[in-house]
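Residue-level structure breakdown
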Amino acid sequence: MDNRLTIKSVYSTLMIILIGFVLVESNYWYLLSILVCSLDTRYFIWAALIIATLFAQKLKIRKTYIFIPWLFYIFMILFNNQELAHGYHSNTQRIIQCILILFVCSYKGDWIKKVPKLIAAIGIPNIFATLVFFVNNSLYEVFIHKTYGEYQSGTNNGQFGYRAALADHYSQNATYISMVLLALFVLFITEEKKRRKVVWGILLGLSVVALLLTSKRAHLLFCVATVILVYYLAFPKKRLEKTFKLVIAGAFVAFGLAIFSEYVPQINSVFERFQTAGTDKESLGRFIMWKYAFNLFEQKPLLGTGWWGFRYSAITNVRADALTGCHNVYIEILSNCGVIGFFIFVVAIISSLYVALNGLKFCLDNNLNDYSVVQLCSLSIQMFCLMYCMTGNVMFDRTFHFYMIAVVMSVAFYLNKDKVLYLYLQEEE
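Okay, so let's go over this structure. (Residues numbered from 1 in each chain as written. Predicted model: local features only at pLDDT ≥ 70, side-chain atom pairs only at ≥ 80, totals over all residues. Heavy atoms only, no water.)

Notes on the nonpolar core
Counting 132 residues, the largest nonpolar core has Tyr73, Trp111 and Met395 as the members making the most contacts within it. Excluding anything up to four places from it in sequence, Trp111 contacts Tyr11, Ser12, Met15, Ile16, Ile19, Cys105, Val408 and Ala412. Judged by nonpolar contacts, the second largest core, of 9 residues, contains Met289, Trp290, Cys326 and Ile331. (Core = buried A, V, L, I, M, F, W, Y, C linked by side-chain atoms within 4.5 Å. Buried < 20%, exposed > 50% of the residue type's maximum accessible area, 1.4 Å probe, protein only. Contact = heavy atoms within 4.5 Å.)

Written out as structure tokens, the structure is:
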């Protein structure tokens, strides 16, 4: 009996280490390459942690229909993979390793209670760096000199260094801040202790300011939409009351921003960018890539050009920077993988949403408050990512790490929910 408890304890510890490692790699991947170790070294450590976790669960992988869409997803990535055909492997390896975490996550479910706070704790330096560099640009200059050696994209040659902060691109910084913001929002609305609620509220407010300072309109829009949806999901039996509170809160936030913008006019840039949506350089460039991706899809509608195929083709025929992606995951999946691959993709993401929603309902029905936090955090990240897929490269860049961690959180609970409920009832007795 003690031996079994020890095995489960080792497994839970390894899962937290694995998730923590992936979160660090996601948030600070470029800095790690400069200051610590190469991509290949990190991916080796990552793979070793997955294998160690597999041994901790006695080399057993649970047989469940939930894994099937993601197993096909791996096949979809490997089929006619153009990155591998061009002699590279890092992006394909990274994405597959994200998915493989799913297959070792279900031996035990209690460890997931720590993940929302882990997401916030590991990502929050991005928020503080954004705010600090905004207040003191000289610190940003020191940071750049000792790390990147050149100003990141989106900073206007360092004039707005706080927009990118620790990331190598201001869009990535906005993504990292968004992940923390969503985790903090869930922790805030579900916290019952007043002191902790105040702490979560302060950190949430700082994350909102940091997100505004990045000037990224899509992230702001999708965060707002996600927050509203999650707020209703968290309190399904009090929708009328919550609607009233949401309207009041929205009015206070709008009023507060109006006053705050008088003292910090830099936050207005994100709202000004909404006025140029569809006509600015970024939008026009994406329209060109979307059209080209559709053309590739029409040429090979069934199986597509192969994973990463759009990028190599677009570099040659459209724009030199197309390796960053189409900036619309749904169109790029169609282009890369055709109708068959797109069907696999849709089944995978819908099944993951279903598992999270089912898990949340189970938690709410049985008053499993600690696990409700986990399911809400999972849903918030999944919904944000699926919306961001319309203008970003979520399923191809490091945002996918956060997405898969969210999926893992919900799947690990769903496959252990009966055990969790049993232990909860035992404690109640």
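Now that the structure has been shown, the text picks up again.
Here we look at empty space enclosed by the protein
Counted under the stated rule, the structure contains 1 cavity of 30 Å³ or more. As a volume, the largest cavity reaches approximately 40 Å³. No other element matches the 3 residues that helix H2 (residues 29-35) contributes to the lining of the largest cavity. Across the lining of the largest cavity, the residue classes tally to 8 nonpolar, 2 polar and 1 charged. Each of domain 1 (1-60) and domain 3 (108-277) gives at least three residues to the lining of the largest cavity. (1 Å grid on protein atoms, 1.4 Å probe; cavity = no way out; pocket = protein on both sides within 12 Å on 5 of 7 lines; lining within 4 Å. Points joined across faces, edges and corners; volume = space filled by probe spheres on them. Helix = DSSP H or I, 4+ residues; strand = E, 2+ residues; numbered from the N terminus. Nonpolar A, V, L, I, M, F, W, Y, C, P; charged D, E, K, R; others polar. Domains from an automatic or database assignment.)

Here we look at the side chain of Arg42
Along the chain, the position of Arg42 falls in helix H3 (residues 39-56). Residue class for Arg42 comes out buried when judged on its relative accessible area of 1%. With residues up to four places along the chain from it excluded, the contact list for Arg42 reads Phe21, Glu25, Trp29, Leu32, Ser33, Cys37 and Arg398.

What about the side chain of Ser335?
Counting through the fold element by element, Ser335 comes out in helix H16 (residues 329-365). For Ser335, a relative accessible area of 0% corresponds to the buried category. Here Ser335 is in contact with Ala293, Leu296, Phe297, Gly304, Thr305 and Phe310, once residues within four sequence places are set aside.

Considerations on the state of the cysteines
Counted according to the given criterion, the structure contains 0 disulfides. Of all cysteine sulfurs in the structure, the one in Cys385 sits closest to Cys389, which takes part in no disulfide; the separation is 7.0 Å. Here Cys389 falls in the buried class, since its relative accessible area comes to 0%. (Disulfide = S-S within 2.5 Å.)

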